[in-house]
Amino acid sequence: MAWQPDTSGLDQIIQLLKESQSPDTEIQRMVQQKLEQLNQYPDFNNYLIFVLTKLTTEDEPTRSLAGLILKNNVRAHYTNFPQNVAEFIKQECLKAVGDASALIRATVGILITTIACKGDLVSWQDLLPTLCQLLDSENYNTCEGAFGALQKVCEDCSEQLDSPQLQESLEVMIPKFLQFFKHSSPKIRSHAISCVNQFIIGRTPALMIHVDDFIQGLFTLANDENIEVRKNVCRALVMLQEVRMDKLKPHMSNIIEYMLLRTQDDDESVALEACEFWLTLAEQTVECKQILPPFLPRLIPILINGMKYSEVDVILLKGDIEEDEMIPDKEEDIRPRFHKSKVHSMQNDAQNQEAACEDEDDDGLDDDDSLSDWNLRKCSAAGLDVLANVFHDDLLPNVLEKLNELLFHQQWVNRESGILVLGAIAEGCMNGMLPHLPKLVPFLTETLNDKKALVRSITCWTLSRYAHWIVTQSQQNGHDAYLKPLMNELLKRVLDSNKRVQEAACSAFATLEEEACTELVPYLHFILQTLVYAFNKYQHKNLLILYDAIGTLADSVGNHMNKPEYIQMIMPPLIEKWNSLRDEDKDLFPLLECLSSVATALQSGFLPYCEPVFRRCVGLVQNTLTQSMSYMQNQEKFDPPDKDFMIVALDLLSGLAEGLGSGIEQLVQSSNILALMYECMRDPMAEVRQSSFALLGDLTKACFQHVKQYIGDFMPILAQNLNPDLISVCNNATWAIGEISIQLGPEMQPFISIMLGPLVAIINQQGTPKTLLENTAITIGRLGFVCPNDVAPAMPQFTRPWCTSLRNIRDNEEKDSAFRGICAMIGVNPGGIVPDFIFFCDAVASWVQPKPDLKDMFHKILHGFKDQVGEETWTRFSEQFPQPLKERLLANYGV
């Protein structure tokens, strides 16, 4: 007999559901407690499904709420549901798919997909056949409800659906969905396309068999009057372009014409889907260059037009409010920040700056973060940016024509979009822009004083896109023409009365700092004065960006900041903030990152502030490890800790060790940091291990006497982490091994056997990133330096990649110790270098000024080799050298 509810129990639950809709937080809290108590009863979930599907006399919001509470229970406890309860819920869901209420149908669909994802789609055997059968129902509600549920299942469980066990079901479902493209109801047509769309990116075989029919079906719906249908057609074509360009190519002209039309659709959500098309087309550079040029004169004005703020945008952005600096930020407006763990790299030069910035999302449009995260303006600007990177200066004639009209327009909205266009093309069209920059940069610098805040904020971003040119000009022709005026105006904007402008100016100034580096030293007093004044002026959100600007300044000018007057200016406000924040406050992240940069820059100047900072960081690591242990022992009772606190603390300790060197020795001695690091190095989270290895390397350099007693424990862990699948972890472990070997000397010998094999594998692996290759080569060289007899036999396995990795890095101490290592290994195993001697010659020639004794080693090896083979063989051998290499070897070593 079917389950039936107890009347008094049912009344109690309905009463609870009504109360939970009360705005009173106290009542809500009480309801939450009661719900948790009721979850102890197995058939509580039966009551919830009963209210959702059977209690048609109740109001819809109450029924729907019962379904959503049940969905949360399924998500949290489904595996513990008794079999009969789970079966009852599934059966009732399928009966209620065609409920007369759209809200209830949608809720049932959500519940079905949650069960399917949680309880494994494969085991609910009658779900897909039943839903597919219901699609043929004459009743609209049944057909729509079944399609709504299928769409959610296809979205949430597409990977499970694509598995071999469900292959047959999909082979039935996809042709069936395609039939519904012709249905009379727009909602059903939209569901049908959306279901198929879930299988494009994975190239699901069941769809690929029917891909021609699918494309034809899309073409017939291209001009559908329904917005959702048009949106799904655009979305499908964008994805097909990514995975089946071969099928679209014959129709490409018509598709581009269609997308030009849709990018101007009256409905912005359709225009946004269509605008994505240009981004994915630009990713396929070859096709893009072949297909798009004839359409550019029409496309570029459409994209530029999409970059204008709409009237609604301006209202949402409060574009008419110029001064808002006194209005506190709402906490929900502050985006969560993610800490990037420390990565050790060879050279902190421009190359590494570039590498560090490569993955940053620099669309410059965060000025409208109160709009939806991704909108037509951002997508149009990103489209123009990527097309500029495909067509470069060939794009300019189409852009400049429109720019002249926009930059001097009466309407500020048009002027603003013109300045955004200038920023969007900066990277791709830089060469073609060079003749215009001597006039444009002063024009933009002046525009920083525009009376509209939104114009001032976008101008900050656009100027930052030309920062490299501005700094280069200043290095060549002095600061007065561009750098000094820009810096003065940007710093005024840092203190603007509008918060959006403050944010944009701070970010732009950080970019200028990265480009200008020590060029800013003459203005340090003025810069610090401004940034410190901003401390007292800024609301919560911009304070976090200010920390970044201060940290970047410290990174850029380094120990030029270590002057008593600068320390006096910058440290008190930073320490005041540091003291005011609780240990669990996430504002610590950006502040700790900032302090890490400042400590590294100030070096001994940071000593007076060091002890409390050090102790608190150790405390943060200790607390997080304790919370982590509690959670592992009892997951019901404890929440998992936020390990970012520990990662940021480890990175700040690295900054202290790097900046203070042996000055940190006393603090390390009187703390348990090394025992804590042992735990961190074994943490399951990669970023924790990454930061602990960086700290190990820095402490090894600063106070090895304390690290040494733990070496036996640390070495096997380091060896286990030489896994290039986790690039940054592997990189920091490799670097730390190199630093330890220099300190340990010949005592490194017992560990060579566990280290050398993985390092040789990494240096020979295809596609290993540059920084990891360089660090691996340095470490192999250092191991060879301290234990040449153990490493030299493996030389034929690594010499060639070793030489090519190190020929490109600047002269420095790390390179020096690595080359001493290769020389020592050649001394032990001269035959090991012979097959790759030309690569060794090339690597030696990459040195600009080796130390005299190292140069002498090179000289002996080169002449020894030449004497060994004889003049004639050497001449034949050296004829293979490129001309510059011949000249350098002759000039520096006389060979």
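The rules we used
Residues numbered from 1 in each chain as written. Predicted model: local features only at pLDDT ≥ 70, side-chain atom pairs only at ≥ 80, totals over all residues. Heavy atoms only, no water. pLDDT = per-residue confidence, 0-100. Helix = DSSP H or I, 4+ residues; strand = E, 2+ residues; numbered from the N terminus. Contact = heavy atoms within 4.5 Å. Phe/Tyr/Trp six-rings, centres within 6.5 Å; stacked < 30°, edge-to-face > 60°. Buried < 20%, exposed > 50% of the residue type's maximum accessible area, 1.4 Å probe, protein only. Lys NZ or Arg CZ within 6 Å of the ring centre and 35° of its normal. Disulfide = S-S within 2.5 Å. Salt bridge = Lys/Arg side-chain N within 4 Å of Asp/Glu carboxyl O. Axes fitted to C-alpha atoms, helices over the stretch in contact; angles between N-to-C directions. Left-handed = near helix turned anticlockwise from the far one by under 90°. Nonpolar A, V, L, I, M, F, W, Y, C, P; charged D, E, K, R; others polar. Expected span 1.5 Å × (residues − 1).

Colleague: If you had to explain the confidence of the model for the protein chain to someone new, which residues and values would you point to?
Modeller: Counting all residues, the mean pLDDT for the protein chain is 89, and 95% of those residues have values of 70 or more. Ranking the helices and strands of the protein chain by mean pLDDT puts helix α38 (residues 673-681) first, with 97, and helix α21 (residues 350-358) last, with 34. Predicted confidence for residues 347-371 stays below pLDDT 50, and this span has 51 contacts to residues more than four positions away or in other chains.

Colleague: Tell me about the packing of aromatic side chains, and name the residues and values.
Modeller: Applying the stated criterion across every chain yields a total of 24 aromatic pairs. On the basis of an interplanar angle of 85° and a centroid distance of 5.1 Å, the ring pair of F277 and W278 is categorised as edge-to-face. W278 carries the same exposure label as F277, and that label is buried. Ring centres of F819 and W847 lie 5.6 Å apart, and the angle between their planes is 85°; on these two criteria the pair is classed as edge-to-face. You can see F819 sitting in helix α46 (residues 813-828) and its partner W847 sitting in the loop between α47 (837-845) and α48 (852-869), a full 28 residues away along the chain. The exposure classification of F819 matches that of W847, with both residues buried. Through successive ring pairs, a cluster of aromatic residues spans W802, F819, F837, F840, W847, F858, F865, W874, F877, F881 and Y893. Positioned above the aromatic ring of Y309, the side-chain terminus of R377 is 3.8 Å from the ring centre.

Colleague: How would you sum up the state of the cysteines? Please name residues and give values.
Modeller: Counted according to the given criterion, the structure contains zero disulfides. Free of any disulfide, C823 has its nearest cysteine sulfur in C803, 10 Å distant.

Colleague: Tell me what's going on with the pattern of salt bridges, and back it up with residues and numbers.
Modeller: Overall, the coordinates contain 45 salt bridges when judged by the stated rule. E405 is paired through a salt bridge with K402; the nearest N and O atoms lie 3.7 Å apart. One end of the pair, E405, and the other, K402, are both in helix α23 (residues 396-407), three residues apart, so they sit about a helical turn from each other. For E405, a relative accessible area of 45% corresponds to the partly exposed category. For E813, the salt bridge identified is with K851, shortest N-O distance 3.1 Å. Here K851 lies in the loop between α47 and α48 and E813 lies in helix α46, a separation of 38 residues in the sequence. Under the relative-accessibility criterion, E813 is labelled exposed at 52%. Taking relative accessible area as the criterion, K851 reaches 38% and is therefore assigned partly exposed. One network of salt bridges, with partners in common, ties together K18, E58 and D59.

Colleague: Got a sec to walk through the packing of α23 against helix α24 (residues 412-424)? Specific residues and values, please.
Modeller: α24 packs onto α23 with a crossing angle of 145° between their chain directions and a minimal axis gap of 8 Å. Of the two elements, α23 crosses α24, and the hand of that crossing is left-handed. Every residue of α24 that contacts α23 at V399, L403, L406 and L407 is listed here: N414, R415, S417, G418, I419, V421 and L422. Its residues placed into classes, the contact of α23 with α24 shows seven nonpolar, three polar and one charged.

Colleague: Please give an account of unusual backbone geometry that cites residues and values.
Modeller: The phi angle at R203 is positive, at roughly 50°, despite the residue not being glycine. Secondary-structure assignment places R203 in the loop between α11 (186-197) and α12 (205-208). Phi is positive for C517, close to 45°, though the residue is something other than glycine. Along the chain, C517 turns up in the loop between α30 (499-516) and α31 (524-537). Under the relative-accessibility criterion, C517 is labelled partly exposed at 25%.

Colleague: I'd like to hear about helix α1 (residues 7-19), residue by residue, with values.
Modeller: Compared with the 18 Å implied by 1.5 Å per residue over 13 residues, the 18 Å span of α1 between its first and last C-alpha is a close match. Summarising the contacts, the buried residues of α1 are in contact with α2 (25-38), α3 (44-53) and α4 (60-77).

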